Amino acid sequence: MGFRNFMDAVLGRSRLPKAKSDRLFAISTASITLEGSLGLKPSGSAGICFKPLGATSYESAQKEIEELLEFSSKETETEFRMEKDEFNFLWAIFKDPNFEDLVANIHLVSQTLEDRGFGEQILCAIYRFDSEPEARVAKEKARGKAAGGVAVYWIYNFKQGTYYPFIPLSGRQRDSPFEFRLRAEMEKEMPVEKNVEKWYPLWGIPF
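Worth saying up front: this structure is predicted, and the values here are computed from it rather than measured.

**Q** Help me understand the nonpolar core, please; the structure alone is not making it clear to me.
**A** Nonpolar side chains tend toward joint burial in soluble globular proteins. Among the nonpolar cores identified, the biggest contains 58 residues, and Tyr127 and Trp154 are the most heavily contacted of them. With seven residues, strand β4 (residues 122-130) is the largest single contributor of residues to this core. When neighbours within four sequence positions are excluded, Tyr127 is seen to be in contact with Leu24, Ile27, Ser45, Ala46, Phe99, Val103, Ile106, Val152, Tyr153, Trp154 and Tyr163.

Pasting the structure below:
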């Protein structure tokens, strides 16, 4: 199962549930524990993905989002870009060493879409964390932490209002044992999806 399956699972219904953005900010405080206790440092990259809109609506919404982000980036110095993936879904991708700014910009995009009546089009937000340097791999693995060089993603499903971890490895494999450990460690601090069947692997995340 991959990105297309995730979209089918979310979009495969007659009427989409409204986006739940109220729990989005839980990642802000959780990031402190992720770094301090689990050796996962925010990479400075994050993104939000939403379903394509009609041509006119799409252009109008994209223009408004870009204008808002250009204004916001002057204050936060956040770099951003808009791009479509191979499935024609639109991404707003951000780079900023300040994690709070990343969360704020993700919320800005989601809130703009909701205010314009496009909340049902929002699919997911993704935050990337990086593990500790190679020199600490053996030590961290012994403690149940992620190995060096591995990207750890926290994916927020707007339809469910929950997060889940995704750790892609080579050969389209994933580090399920560590994903389960992350759930056990973090479920008291953030709304982690309890149904693991909804932990959709999103291969090909563009950051």
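**Q** Is there a simple way to explain the pairing of strand β6 (residues 162-166) in this structure?
**A** If a strand is regular, its side chains alternate between the two faces of the sheet. By the criterion of burial, β6 is predominantly enclosed, with five of the five residues buried. The alternating pattern of β6 places Thr162, Tyr164 and Phe166 on one face and Tyr163 and Pro165 on the opposite face, and all of these are buried. When strand β5 (residues 151-157) meets β6, the two strands line up antiparallel, connected through five bridges. Within β6, the position partnered with Ile155 by the bridge is Tyr164.

**Q** How should the sheet that holds β6 be read in this particular structure?
**A** Strand pairs in the sheet, formed through backbone hydrogen bonds, run parallel or antiparallel to each other. Ordered by their spatial adjacency, six strands build an open sheet running β2-β3-β1-β4-β5-β6, and the pairing between neighbours is antiparallel. Of all the strands in the sheet, just β2 (79-84) and β6 have a single pairing partner and so form its edges. Adjacent strand axes in the sheet meet at a mean angle of 20°, parallel and antiparallel pairs treated alike. The strands touched by helix α2 (residues 26-38) are β1 (41-50), β4, β5 and β6; relative to β4, the strand with the most contacts, the crossing angle is about 25°.

**Q** Help me understand the side chain of Thr33 in this model?
**A** Within the fold, Thr33 resides in helix α2. Look past the residues within four positions of Thr33 in its chain and what remains in contact with it is Leu38, Met186 and Glu189.

**Q** Would you take a moment to explain unusual backbone geometry for this structure?
**A** Only a minority of non-glycine residues have a phi that is not negative, and only a minority of peptide bonds are not trans. Unlike most non-glycine residues, Asn88 shows phi in positive territory, near 75°. Examined against the element boundaries, Asn88 turns out to sit in the loop between β2 and β3 (90-95). Positive phi outside glycine occurs at Arg172, with the angle close to 55°. For Arg172, the location among the structural elements is in the loop between β7 (168-169) and β8 (173-174).

**Q** Please explain helix α6 (residues 176-186) as it appears in this structure.
**A** The periodicity of an α-helix, 3.6 residues per turn, causes residues three or four positions apart to be oriented the same way. Inspection of α6 places Phe178, Glu179, Leu182 and Met186 among the buried residues, and these make up the whole buried set. Looking down the long axis of α6, one finds its buried residues gathered within 105° of arc, a one-sided arrangement. Exposed side of α6, more than 90 degrees from the buried face: Pro177 and Ala184 are the residues found there. Where α6 is buried, its residues touch α2, β5, β6 and β8. Here α6 starts with a cap whose side-chain oxygen sits 3.2 Å from the backbone nitrogen of Phe178, and that cap is Asp175.

How each quantity is defined
- Position labels on residues start from 1 in each chain and follow its written sequence.
- Selection of residues for local features in this predicted model requires a pLDDT of at least 70, selection of side-chain atom pairs for listing and counting requires 80 or more, and totals for whole chains, interfaces and linings are taken over all residues.
- The side-chain figures draw on all heavy atoms in the structure; neither hydrogens nor water molecules are used.
- Residues belong to one nonpolar core when they are buried, are Ala, Val, Leu, Ile, Met, Phe, Trp, Tyr or Cys, and are joined through side-chain atoms within 4.5 Å.
- For each residue, the accessible area found with a 1.4 Å probe, counting protein chains only, is set against the maximum for its type, and the residue is called buried under 20%, exposed over 50%, and partly exposed in between.
- In DSSP terms, a helix is any run of H or I states spanning at least four residues, a strand is any run of E spanning at least two, and both are numbered starting from the N terminus.
- Between two residues, a contact is recorded if the distance between any of their heavy atoms is within 4.5 Å.
- Two strands pair under a simple rule: DSSP has to find at least two bridges between them.
- A fitted line through C-alpha atoms represents every axis, and for helices the fit uses only the stretch in contact; the resulting angles, taken between N-to-C directions, go from 0 to 180 degrees.
- Throughout, the arc means the angular range of directions from the helix axis out to the C-beta atoms.
- Nitrogen and oxygen atoms within 3.5 Å of one another constitute a polar contact, given that in protein one can donate a hydrogen and the other can accept it, and given that sequence-neighbouring residues count only through two side-chain atoms.

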